[in-house]
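Each chain, written out:
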Amino acid sequence: MRTLIDESQLDDGVSKLAKEIDSNYGGRPITVVAVMTGSLVLFADLIRRLSMPQRVGVIHASSYRGGTQAGKLEIDSKMLIDVQNRDVLLVDDIYDTGATLTKLSAAIAEMGASSVSTAVLLKKLRPKQIGPKPDFVAFEIPDEFVVGYGLDYLDMYRNLPFIGVLEPDEIEATARQ
Ligand code: HPA
Ligand code: MG
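Per chain, residues are indexed from 1 in the order of the written sequence. As a convention, the first chain written is A and the first ligand written is 1, with the rest following in written order. Where totals are concerned, whole chains, interfaces and linings use all residues; where local detail is concerned, this predicted model gives features only for residues with pLDDT of at least 70, and gives and counts side-chain atom pairs only at 80 or more. Only hydrogens and water are set aside; all other atoms, that is, all heavy atoms of the structure, feed into the side-chain values.

As annotated in an unreviewed UniProt entry, the protein carries the name Hypoxanthine phosphoribosyltransferase and is attributed to Rhodopirellula bahusiensis. UniProt positions are given in the numbering used here, feature names are shortened, and annotations may be inferred rather than shown by experiment. Here is the UniProt Cofactor (unreviewed entry) comment for the protein, exactly as written: "Mg(2+)". On record in UniProt, under Sequence similarities (unreviewed entry), the comment for the protein is "Belongs to the purine/pyrimidine phosphoribosyltransferase family."

Here it is in structure tokens:
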């Protein structure tokens with residue numbers, strides 16, 4: 001595994017992200033919603049560095065790749081927090097194709113939120129991204145498959161304290177674990 005962003009860079013990046021969000025909202029209360037499961041680690045670090053009053057909730061999203069439902073994004077409608085008339089900040093691990101955040105932002109707007117902004121740890125530099133760009137981005141990264149700090153491959157590696165790039169042999173080995 002090759003380290004792309006180490007622990008101390010992540011720490012600095014998340015602090016900077018929190019400062020940007022803080023100054024944007026100027027102390028107004030927000031409802032912060034974590035996109036499960038990838039944003040779990042970022043979310044825990046981020047909300048403790050935001051200084052405005054917060055409500056906190058989660059939403060589940062999963063995209064099934066391969067098979068008959070290729071690329072279809074499933075949204076868990078049992079979001080356990082009310083977003084009506086709230087200023088919502090949606091937090092995700094990565095902006096890759098843009099599909100997840102575009103669909104989730106629309107879904108939350110439809111639930112009656114006053115506003116929806118988006119924050120991500122990583123934004124991939126790649127062509128053909130769809131929908132609006134995230135409002136707050138900690139790091140822009142090359143178009144490589146990354147894991148760690150919440151990001152997974154086959155639900156593994158989320159616990160790594162850094163962001164790493166999986167080597168081809170590790171990709172093969174993961175499937176056998
Ligand atoms: N790593 C992990 N999960 C992802 C990625 C990635 O690079 N892109 C979209 N989901
Ligand atoms: Mg994943």
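Q: Is there a simple way to explain the sheet that holds strand β1 (residues 2–5) in this structure?
A: Strand pairing in a sheet is mediated by backbone hydrogen bonds. Such pairs are either parallel or antiparallel. Spatially, β1-β9-β8 is the arrangement adopted by the three strands of the open sheet, whose pairing is antiparallel. In this open sheet, the two strands that pair with only one neighbour each are β1 and β8 (146–147). When DSSP locates at least two bridges between a pair of strands, those strands are taken to pair. Runs of H or I in DSSP of at least four residues are treated as helices and runs of E of at least two as strands, each being numbered from the N terminus. Two strands pair when backbone bridges link them, and β8 and strand β9 (residues 163–165) are joined in this way by two bridges, in the antiparallel orientation. Note on β9: the bridge partner recorded for Val147 is Gly164.

Q: Help me out: how do you make sense of the nonpolar core in this one?
A: The nonpolar side chains of a soluble globular protein tend to be buried, and buried together. In this structure, Ile21, Leu46, Leu89, Leu121, Leu122 and Ile163 are the most contacted members of the largest nonpolar core, which totals 32 residues. Going through the elements one at a time, α1 (7–25), β2 (30–36), α2 (40–47), β5 (87–95), β6 (115–124), β7 (136–141) and β9 are the ones with two or more residues in this core. When residues of this core are assigned to their parent elements, the largest contribution, six residues, is made by α1. Sequence-distant contacts of Ile163, defined by excluding residues within four places in its chain, comprise Arg2, Thr3, Leu4, Ile5, Leu10, Leu121, Leu122, Val146, Val147, Gly148, Tyr149 and Leu151. We define the nonpolar core as a collection of buried residues of types Ala, Val, Leu, Ile, Met, Phe, Trp, Tyr and Cys that are connected through side-chain atoms lying within 4.5 Å of one another. For the exposure calls, accessible area comes from a 1.4 Å probe over protein chains only, and a residue counts as buried if that area is under 20% of its type's maximum, exposed if over 50%, partly exposed in between. Contact definition: two residues touch when any of their heavy atoms are within 4.5 Å.

Q: Help me understand the site of ligand 1 in this model?
A: Any residue with a non-hydrogen atom lying within 4 Å of a molecule or strand is treated as near it. Contacts to ligand 1 come from Ile94, Asp96, Lys124, Glu144, Phe145, Val146, Leu151 and Asp152. A distance of 2.6 Å separates a nitrogen atom of ligand 1 from a polar side-chain atom of Asp96. Here a polar contact is recorded for every N or O atom pair within 3.5 Å, except that within protein the pair must consist of a potential hydrogen donor and a potential acceptor, and residues adjacent in sequence are included only if both atoms are side-chain atoms. Val146 places a polar main-chain atom, nitrogen or oxygen, 2.5 Å from a nitrogen atom of ligand 1. The protein chains hide 85% of the 260 Å² of surface that ligand 1 would expose on its own. Residues were grouped as follows: Ala, Val, Leu, Ile, Met, Phe, Trp, Tyr, Cys and Pro as nonpolar; Asp, Glu, Lys and Arg as charged; and all remaining residues, including Gly, as polar. Residues belonging to the shell around ligand 1 are distributed by class as follows: four nonpolar, no polar and four charged. Reported accessibility uses the Shrake-Rupley method at a 1.4 Å probe radius. Residues are deemed covered only where the shown protein chains occlude them.

Q: Looking at this structure, how should I read the environment of Val33?
A: By the element assignment, Val33 lies in strand β2. Sequence-wise, Val33 and Ile81 are 48 residues apart; in three dimensions their C-alpha atoms are separated by 8.5 Å. Excluding anything up to four places from it in sequence, Val33 contacts Phe43, Gly57, Val58, Ile59, Met79, Ile81, Val83, Val88, Leu89, Leu90 and Val91.

Q: Teacher, can you tell me more about unusual backbone geometry here?
A: Glycine aside, residues mostly have negative phi angles, and peptide bonds mostly take the trans form. For the bond running from Met36 to Thr37, omega is 5°, close enough to zero to count as cis. Tracing the backbone shows Thr37 in the loop between β2 and α2. Positioned with a positive phi, Tyr157 is a non-glycine residue whose angle comes to about 75°. Given a relative accessible area of 15%, Tyr157 falls into the buried group.

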